[in-house]
Amino acid sequence: MQKKGQRVNEHSDAVRADTQMLEPRADVLQGADAMERLRASEERFRAFVTASFDVVYCMSPDWSEMRYLQGKDFIADTMTPSQRWLTKYVPPDDQPQVLAAVSRAIAAKSVFELEHRVIRVDGTLGWAHSRAVPMLAGDGTVLEWFGAARDITEQKLAEQALRKSEERLRSAVEVGRLGLWDWNVTTGEVYWSDEHFRMEGYDVGEVAPSYEAWTARLHPEDRAETEAALRRAMDLREDYAREFRVIHPNRSVRWLYGRGRFFYDEAGRATRMTGAMIDVTERREWEERQTVLVAELQHRTRNLLGVVRSMADKTARASADLTDFRARFRDRLDTLSRVQGLLSRLKEHDRVTFDDLIRSELSAVAGTSERVRLGGPAGVRLRSSTVQMLAMAIHELATNAVKYGALAQPSGRLAVVWSLERAGAGQRPWLHIEWRESGVDMPPPGVVPGGTGQGRELIELALPYQLSARTSYKFAPGGVSCTISIPVSLATLELEGHA
Amino acid sequence: MPERPLRDRHILIIEDEYMLADELRCELGEAGATVLGPVGTVADALVLIEREGLIEGAVLDVNLRGEMAFPVADLLIERGVPFVFTTGYDESIIPGRFSNILRCEKPIAVEGIIGVLGRMVETGARQ
């Protein structure tokens, strides 16, 4: 039975076998005996087809009518001839395809064969692989079509699931920019995905993928350790996970992160390794920038602590007692805090401007006063390294003015004017600042005015030392007169037009 | 009379922050040293080292106005001048060739530096 059933599947054999079986019907249709033999023959035939297939059916020569269909539990039976077979069994979307295949079969008088969807017994859709062969009369006309079909729903669903899963994987690999490899350790054959080629600076297909083609791109400094890590993963049966650099032919260096796993035979030999890589160059660069930034922050913080300590020492030496020290030290610490405040509010590439700085210091020390006149361009950008020392110097000037100078006496006046100028061989921009007090009753010649020690030291010594500034500080008849010229960054020049 | 471990020793101070340079100058001076400098840039430091006849020890800030001071360190080593680094960075930023140079983290303990320099200079002088 099984053997014959298989033969029916084969197109030419099926036609011959079926024709032979149905031969009595065409030639010797006489007598009850003959009819009985015919019936028996048909039953035998139907029995083995039914045993081999889920569905057997019979169609009129032009397929307009279904004579019968036995559908087991797959699709509903048709026991009496029906012209509504198409709508009964085939969902609308698949009907054109079925009709087209039918037309072709009729025209050629040869096998109808098609995979299509069918409406199952429970009303849901399934898949059938259907074949029908024409039963030919002696004159070659089609008597009827005999068909058989198998339920291939599970197989179809499995195929669809596989296809979906492959599509998902492919799209994940593409979107995630994964470079894949599959290394047959035994034969040395290697598969690379397209992205893998590109990651290592090869055109896709430019080389035959191999272990050597991979190591050829490894950065010389990383090669030994990366290969050793691979061997270690193989020997210890651990996952391989490593970041390494590759050098492309255009000399650009990329960081790649690869993860892979070995497979072994029964003897414990590694036979295969599969894995995936991603390009992590941007992340590495970002990490390096972070490291530099953190180091810079550390450097500045520690320097600042050093400055605070030496400021405490200096203040202590100049203070009469602890109360005096407390007031002076707090005052100076507040200046440093304000500077840090100005600096910390900056975004990248921003700079503290001189007008910000002078306003912030004067208003902190002297409040707002009609006796103070400020004049100069706005937006003169200061290097961050300049800001702290300049602020401390201005703070000392302002403090002295409030205690002893222009802002201590009703007749006193203070003017701070500044300007930008290009000077020197490189035409570097300089910021000239003039601090001029007037209307101040000065002590007689020979007597040093009060509180000048630290302010004067900062201006005459610290600014030239630390900022390459040119400075002057003198006691004029009407009060203190001080000039500070400091080189500012070239970026300041670009803004000069706006100032 | 306090101990003067650096008496008459010629010590070079290389530090860009005025306040720190001034503090070192005062305290090394109090410890008896003849202070050279201070200087605050790589260029000034190189000129001064080339020019000075006698330098017996140095304090070198790793970062001078944003520039790494390693060329200065190389020149000091070439001249056989013992020195210490002062730095706000951790050691990873200092190249391996200076691994035997003492590193003082900021804010520095000046007394400690004076002690270390004193021993270094003495060792150097005996050799």
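Since this is a predicted model, take the numbers as computed values, not measurements. (Residues numbered from 1 in each chain as written. Chains lettered and ligands numbered in written order. Predicted model: local features only at pLDDT ≥ 70, side-chain atom pairs only at ≥ 80, totals over all residues.)

**Thoughts on the overall build of chain B**
How we decide: Only runs of H or I of at least four residues qualify as helices and only runs of E of at least two qualify as strands under DSSP, and these elements are numbered from the N terminus. Residues with at least 20 neighbouring C-beta atoms inside 10 Å of their own are called buried, those with 12 or fewer are called exposed, and the rest are partly exposed, where every C-beta is derived from the backbone. Residues are treated as contacting if the C-beta atoms built from their backbones sit within 7 Å of each other.
In terms of helices and strands, chain B carries four helices and seven strands. Reading chain B from its N terminus to its C terminus gives the helix and strand order β-α-β-α-β-β-β-α-β-β-α. Per-residue burial over chain B gives 46% buried out of 127 residues. If you take every contact in chain B between residues at least 6 apart in sequence, the share linking residues at least 24 apart comes to 64%.

**Digging into the overall build of chain A**
If you tally the helices and strands in chain A, you get 15 helices and 17 strands. In chain A, 52% of the contacts between residues at least 6 apart in sequence involve partners at least 24 apart.

**Quick look at the pairing of strand β3 (residues 112–119) of chain A**
We count it as follows: Strands qualify as paired when DSSP identifies two bridges or more between them.
As paired strands, β3(A) and strand β4 (residues 125–136) of chain A are joined by eight bridges and run antiparallel to one another. If you follow A:Phe112 over to β4(A), its bridge partner there is A:Ala132.

**Notes on the interface of chain B and chain A**
Just so we agree on the cut-off: Here the term charged refers only to Asp, Glu, Lys and Arg, the term nonpolar to Ala, Val, Leu, Ile, Met, Phe, Trp, Tyr, Cys and Pro, and the term polar to all other amino acids, Gly among them.
Listed by partner, the interface residues are 19 residues for chain B and 19 residues for chain A. At five residues, the largest contribution of residues to the side of chain B that touches chain A is made by helix α1 (residues 18–30) of chain B. Here the residues of the side of chain B that touches chain A are counted per class, giving seven nonpolar, four polar and eight charged.

**Describing the sheet that holds strand β7 (residues 103–105) of chain B**
Residue and element names in this part refer to chain B. The line we're drawing: Only the contacting stretch of a helix is used when fitting its axis, a line to C-alpha atoms as for every element, and angles between N-to-C directions run 0 to 180 degrees.
Taken together, five strands build an open sheet; the order of strands is β2-β1-β3-β6-β7 and the sheet is parallel. Two strands lie at the open edges of the sheet, namely β2 (34–39) and β7, each paired on one side alone. Shown here is a sheet whose adjacent strand axes are inclined to one another by a mean of 20°, direction ignored. Here four bridges tie strand β1 (residues 10–14) to strand β3 (residues 57–61), and the two strands are oriented parallel to one another. Looking at β3, one finds that Leu-12 is bridged to Ala-58.

**Let's talk about the sheet that holds strand β16 (residues 470–476) of chain A**
Residues and elements named next belong to chain A. One open sheet holds the five strands; their spatial order is β12-β14-β15-β17-β16, and the pairing between them is mixed. Edge positions in the open sheet fall to β12 (372–375) and β16, since each of these has one partner strand only. Geometrically, the sheet is characterised by an average inter-axis angle of 10° between neighbouring strands, direction not taken into account. Where β12 lies against strand β14 (residues 413–423), four bridges are found, and the strand directions are parallel. By the bridge assignment, Arg-373 is partnered in β14 with Ala-415. Along the sheet, helix α14 (residues 453–467) makes contact with β16 and β17 (479–487), crossing β16 at roughly 170°.

**As for the nonpolar core**
Applicable threshold: To count as a nonpolar core, a set of buried Ala, Val, Leu, Ile, Met, Phe, Trp, Tyr and Cys residues must be joined through C-beta atoms within 7 Å.
Counting 81 residues, the largest nonpolar core has B:Ile11, B:Ile14 and B:Ala58 as the members making the most contacts within it. Sort the elements by how many residues they give to this core and helix α13 (residues 384–403) of chain A lands first, with ten residues. Aside from chain neighbours lying at most four places away, what touches B:Ala58 is B:Ile11, B:Leu12, B:Ile14, B:Leu76, B:Val81 and B:Phe83. In terms of nonpolar packing, the next biggest core, distinct from the first, is built from 25 residues, A:Trp63, A:Met66, A:Val118 and A:Val133 among them.

**Some thoughts on the environment of A:Val204**
All names here are of chain A. Counting through the fold element by element, Val-204 comes out in the loop between α7 (194–199) and α8 (211–217). Measuring from C-alpha to C-alpha, the distance between Val-204 and Trp-192 comes to 9.2 Å, with twelve residues separating the pair along the chain. In this view, Val-204 contacts Asp-194, Phe-197 and Arg-198; residues no more than four positions away in its chain are not counted.

**Considering the environment of A:Gly268**
Residue and element names in this part refer to chain A. Tracing the backbone through its elements, the reader meets Gly-268 in the loop between β9 (253–264) and β10 (270–279). Among the residues examined, Gly-268 registers 7 C-beta atoms within 10 Å and is labelled exposed. A C-alpha to C-alpha distance of 9.7 Å links Gly-268 and Asp-235, two positions 33 residues apart in sequence.

**So, the packing of helix α2 (residues 42–51) of chain B against helix α3 (residues 70–78) of chain B**
Residues and elements named next belong to chain B. Let me state the cut-off plainly: Roughly parallel means an angle under 35 degrees; roughly antiparallel means over 145; roughly perpendicular covers 65 to 115; every other angle is labelled oblique. The crossing is said to be left-handed when, going from far helix to near helix, the turn is anticlockwise and less than a right angle, and right-handed when the turn is clockwise.
Packing of α2 against α3 brings their axes to within 9 Å, and their N-to-C directions diverge by 15°. Compared by their axis directions, α2 and α3 come out roughly parallel. Both α2 and α3 take part in a crossing whose hand is left-handed. Judged by residue contacts, Val-42, Ala-45, Leu-46 and Ile-49 of α2 engage Pro-71, Val-72, Leu-75 and Leu-76 from α3. Along the lines of polarity and charge, the residues of the contact of α2 with α3 split into eight nonpolar, no polar and no charged.

**Describing helix α9 (residues 220–236) of chain A**
All names here are of chain A. Rule in force here: Multiplying 1.5 Å by the helix residue count minus one yields the expected span of that helix.
For α9, with 17 residues, the first-to-last C-alpha span of 25 Å sits near the 24 Å given by 1.5 Å per residue. Residues of α9 that are buried in the fold lie against β8 (240–247) and β9. Looking one or two residues past α9, Arg-237 carries a phi angle of roughly 60°, positive in sign.

**Considerations on the packing of helix α10 (residues 281–318) of chain A against α1(B)**
Running from N to C, α10(A) and α1(B) cross one another at 55°; their axes reach a closest spacing of 8 Å. Accordingly, the angle class assigned to the pair α10(A) and α1(B) is oblique. Judged by the twist between their axes, the crossing of α10(A) over α1(B) is left-handed. Residue-level inspection shows A:Gly306, A:Val307, A:Ser310, A:Met311 and A:Asp313 of α10(A) in contact with α1(B), the latter providing B:Met19, B:Leu20, B:Asp22 and B:Glu23.

**Observations concerning the confidence of the model for chain B**
Selection rule: Per-residue confidence from the prediction method is given by pLDDT, with values spanning 0 to 100.
Confidence in the prediction of chain B, expressed as mean pLDDT, is 86, and 94% of residues score 70 or more. Note on the complex model: pTM 0.61, ipTM 0.86.

**Examining the confidence of the model for chain A**
Residue and element names in this part refer to chain A. Taken residue by residue, chain A gives an average pLDDT of 85. The fraction at 70 or more is 90%. A low-confidence stretch, residues 1–24 stays under pLDDT 50, and its non-local contacts, those more than four residues away or across chains, total 29 contacts. Low confidence marks residues 494–499, where pLDDT is under 50. Its contacts with residues over four positions away, or in another chain, come to nine contacts.

**Describing unusual backbone geometry**
Glycine aside, residues mostly have negative phi angles, and peptide bonds mostly take the trans form. Residues B:Gly37 and B:Pro38 are joined by a peptide bond in cis, for which omega reads 0°. Tracing the sequence through the fold places B:Pro38 in strand β2. Look at A:Lys109: it is not a glycine, yet its phi comes out positive at around 50°. Here A:Lys109 lies in the loop between α5 (95–108) and β3. When the 15 C-beta atoms within 10 Å are taken as the criterion, A:Lys109 is described as partly exposed. Positive phi, close to 55°, is recorded for A:Ser468, a residue that is not glycine. Summarising the element assignment, A:Ser468 is placed in the loop between α14 and β16.

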